[in-house]
Amino acid sequence: MNAGNGALTAPLVDRVRHRLAEQSAAPSPAAVAAAVRAEAGGVVADLEVLAALRQLQEELVGAGPLEPLLRDPATTDVLVTGPDRVWVERAGELCRTDVRFPDDDAVRRLAQRLALVAGRRLDDASPCVDARLADGTRLHAVLPPVAADGTCVSLRVLRPASHDLDALTAMGTFDADVARLLRAVVAARLAFLVVGGTGSGKTTLLSALLGCAAGGERIVCVEDATELAPSHPHVVRLAARAPNLEGAGEVTLRDLVRQALRMRPDRLVVGEVRGAEVCEMLAALNTGHDGGAGTVHANSPAEVPARLEALAALGGMSRSALHSQLAAAVQVVLHVVRAAGGRRLAAVGVLARDGDFVNVVPAWQDGRWAAGRQLLADLLTERGIGAGC
């Protein structure tokens, strides 16, 4: 019997897979090797054992055949839409790779194992999962028949946002004049929101701005997954936690905002405002915690009030109450976009009352000063900061 025959490889792999499935912990390379030796006995040739070991290690350790893609520092997303359709995004460009799975069952097993490692369930009764792996990678998977063409897996790599304003200027995110304006906004302790779509660079810009805060300030960051890594001497980072398989142990962003208020923050930062926690955040920013910040998914600065209305409704806050809190809590909106040439700052807006509601007035947009320029200059002057705008 030799490795070229391959007659026993599939049964051996199945037996090892069932053995490892009985273990509660995620299989390590050593555990896979031990299971192969235990199941192979003295019947299978050494070369076939090695072949089975390589296959199982690829399937059962890390992200399997996707692991090399995830290890690439340039990778931001890995997307699987079929056994032979694996895509990767690098530098904002989506490309098809040569990675292949044997069949859709192999994709399904990988998705289920990653979900289990994240403490979540993925099966016919619960065919969709949205979870976070131990290294911060975001997992989303959908099983057939909900995924009509086969199991779909999306993995988003969350790397610490470590660029400072000088680096972003050099990268073309904005020019030197806008960089001075952004530093003035931070120095004046104006509260701001960074808005844009997924992958537009919101967290990167927020982290760079926090790095400009005075060294004696205490920054408390609340995040769903730890992405913010500002270059600052006093940062406290709190991360939310999903419920376990029994549905217990959840710690929400809303819980963490409340905890952060007890930690003497000079600046309270919510890494991504996407739910009812907006109520606690606005309340906090209206109790003397100026200079706070956060990110919000929004298509444009003008749509930020409506977006926050929808989120506040989840927390039971009325529209009028939301606008009243927002007018007093937040002063500036920064809009970032992802374009063919890279990520860039597209607009700077100022929140202003219009009767009982709040609108965002553009102060700088697409490289030109706009109507809200004087409003922004007045805000900075009131706090003793020269705007340069």
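Structure first, text after, so check above.
Just so you know, the residues in each chain are numbered from 1, in the order the chain's sequence is written. Whole-chain, interface and lining totals are the exception, using all residues; otherwise, since this is a predicted model, local features are given only for residues with pLDDT of at least 70 and side-chain atom pairs are given and counted only at 80 or more. Values shown for side chains rest on all heavy atoms present in the structure; no hydrogens or waters enter the calculation.

Caption draft 1: Region of the structure containing the overall build of the protein. Scanning the protein for helices and strands turns up 13 helices and 15 strands. Within the protein, the proportion of its 389 residues that are buried is 47%. Expressed as a percentage of contacts within the protein between residues at least 6 apart in sequence, the contacts between residues at least 24 apart total 53%. All accessible-area figures derive from a Shrake-Rupley calculation using a 1.4 Å probe, and residue coverage is judged against the displayed protein chains alone. For the protein, the accessible area works out to roughly 17,900 Å², and carbon and sulfur atoms hold 51% of it. Numbering of helices and strands starts at the N terminus; helices are DSSP runs of H or I of at least 4 residues and strands are runs of E of at least 2. Each residue gets one of three labels from its accessible area relative to the maximum for its type: buried under 20%, exposed over 50%, partly exposed in between, using a 1.4 Å probe on protein chains only. Residue contacts follow a heavy-atom distance rule, with two residues in contact if any of their heavy atoms lie within 4.5 Å.

Caption draft 2: Main features of the pairing of strand 5 (residues 138-142). The rule for pairing is simple: two strands pair if DSSP sees at least two bridges between them. Pairing analysis gives five bridges linking strand 4 (residues 128-132) to strand 5, with the strands arranged antiparallel. Of the residues in strand 5, the one forming a bridge with Asp 130 is His 140. Between strand 4 and the antiparallel strand that follows it, strand 5, lie five residues; Gly 136 among them carries a positive phi value of about 95°. As paired elements, strand 5 and strand 6 (residues 152-156) share five bridges and run antiparallel to each other. Its bridge partner lying in strand 6, Leu 139 is registered against Leu 155.

Caption draft 3: Spatial organisation of the pattern of salt bridges. We define a salt bridge as a side-chain nitrogen of Lys or Arg found within 4 Å of a carboxyl oxygen belonging to Asp or Glu. If you walk through the whole model with that rule in mind, you get 22 salt bridges. A salt bridge links Asp 77 to Arg 156, with the nearest nitrogen and oxygen atoms 3.2 Å apart. In this pair, Asp 77 sits in strand 1 (residues 75-82) while Arg 156 sits in strand 6, placing the two residues 79 residues apart along the sequence.

Caption draft 4: View of the sheet that holds strand 11 (residues 293-297). The strand order 9-8-10-11-7-12-13-14-15 describes an open sheet built from nine strands, whose pairing is mixed. Of all strands in the sheet, those with a lone pairing partner are strand 9 (235-239) and strand 15 (368-369), marking the two edges. Pairing between strand 12 (residues 332-339) and strand 13 (residues 342-354): eight bridges, direction antiparallel. When the bridges of strand 13 are listed, Arg 338 appears paired with Arg 343. Sheet contacts for helix 12 (residues 319-329): strand 13 and strand 14 (357-365); angle to strand 14, the most-contacted strand, approximately 45°. Helix axes are fitted to C-alpha atoms over the stretch in contact, other axes to C-alpha atoms as well, and angles between N-to-C directions run from 0 to 180 degrees. Contacting strand 12, strand 13, strand 14 and strand 15, helix 13 (residues 373-382) runs over the sheet at an angle of about 80° to strand 13.

Caption draft 5: Representation of the packing of aromatic side chains. A pair of aromatic rings is counted whenever rings of Phe, Tyr or Trp (Trp by its six-membered ring) have centres within 6.5 Å, and the orientation is called stacked for planes under 30 degrees apart, edge-to-face for over 60 and tilted otherwise. On inspection of all chains with the given rule, the structure shows zero aromatic pairs. In this analysis the charged atom, NZ for Lys or CZ for Arg, is taken to sit over a ring once it is within 6 Å of the ring centre and within 35 degrees of the ring normal. Cation over ring: Arg 319 sits above Phe 357, and NZ or CZ is 4.1 Å from the ring centre.

Caption draft 6: Focus on helix 7 (residues 176-187). In this analysis, the expected span of each helix is defined as 1.5 Å times one less than the number of residues it contains. Along its twelve residues, helix 7 runs 16 Å from first to last C-alpha, staying within 8% of the 16 Å computed at 1.5 Å per residue. Considered for burial, the residues of helix 7 that qualify are Val 178, Ala 179, Leu 181, Leu 182, Ala 184, Val 185 and Val 186. Identification of polar contacts relies on pairs of N or O atoms within 3.5 Å, with a donor-acceptor requirement for protein atoms, meaning one able to donate a hydrogen and the other able to accept it, and with residues adjacent in sequence counted only if both atoms are side-chain atoms. Between a side-chain oxygen at the N-terminus of helix 7 and the backbone nitrogen of Asp 177 the separation is 3.2 Å; the capping residue is Asp 175. Backbone geometry just after helix 7 places Arg 189 at a positive phi near 60°.

Caption draft 7: A look at unusual backbone geometry. Here the bond from Pro 144 into Pro 145 is cis, since omega is 5°, no more than 30 degrees from zero. Along the polypeptide, Pro 145 turns up in the loop between strand 5 and strand 6. The phi angle at Arg 189 is positive, at roughly 60°, despite the residue not being glycine. With respect to the helices and strands, Arg 189 occurs in the loop between helix 7 and strand 7 (192-196). Backbone geometry places Asp 366, a non-glycine residue, at a positive phi of 50°.

Caption draft 8: Up close: helix 10 (residues 277-285). Taking burial as the measure, the nine residues of helix 10 include eight buried ones, the bulk of the element. Regarding helix 10, the residues found buried are Glu 277, Val 278, Cys 279, Glu 280, Met 281, Leu 282, Ala 284 and Leu 285.

Caption draft 9: Structural view of the packing of helix 11 (residues 304-314) against helix 12. At a minimum axis separation of 10 Å, helix 11 and helix 12 run at an interaxial angle of 120°. As far as their axial angle goes, helix 12 and helix 11 are oblique. Here the hand of the crossing between helix 11 and helix 12 comes out right-handed. Between helix 11 and helix 12, the residues in contact are Pro 305, Leu 308, Glu 309 and Ala 312 and Arg 319, Leu 322, His 323 and Leu 326, respectively. Only Asp, Glu, Lys and Arg are considered charged in this grouping, and only Ala, Val, Leu, Ile, Met, Phe, Trp, Tyr, Cys and Pro are considered nonpolar; every other residue, Gly among them, is considered polar. Taken together, the residues that form the contact of helix 11 with helix 12 break down as five nonpolar, one polar and two charged. Relative orientations are named as follows: roughly parallel for angles under 35 degrees, roughly antiparallel for angles over 145 degrees, roughly perpendicular for angles from 65 to 115 degrees, and oblique for any other angle. By definition, turning the near helix anticlockwise from the far helix through less than a right angle yields a left-handed crossing, and turning it clockwise yields a right-handed one.

Caption draft 10: Here's a closer look at the pairing of strand 10 (residues 267-270). A two-sided burial pattern is seen for strand 10, the buried positions comprising Arg 267 and Val 269 on one face and Leu 268 and Val 270 on the other. Of the strand pairs in this sheet, strand 8 (residues 219-223) and strand 10 are connected by four bridges, and their pairing is parallel. Note on strand 10: the bridge partner recorded for Ile 219 is Arg 267. In the sheet, strand 10 pairs with strand 11 via two bridges, with the strands oriented parallel. Within the sheet, the bridge partner assigned to Val 270 lies in strand 11 and is Gly 294.

Caption draft 11: How the structure looks around the side chain of Arg 156. What makes Arg 156 buried here is its relative accessible area of 19%. Polar side-chain contacts of Arg 156 include one of 3.2 Å to the side chain of Asp 77. Ignoring sequence-local partners within four residues, the contact set of Arg 156 consists of Thr 76, Asp 77, Thr 137, Arg 138, Thr 198 and Gly 199.

The analysis is restricted to geometry; functional conclusions fall outside its scope.
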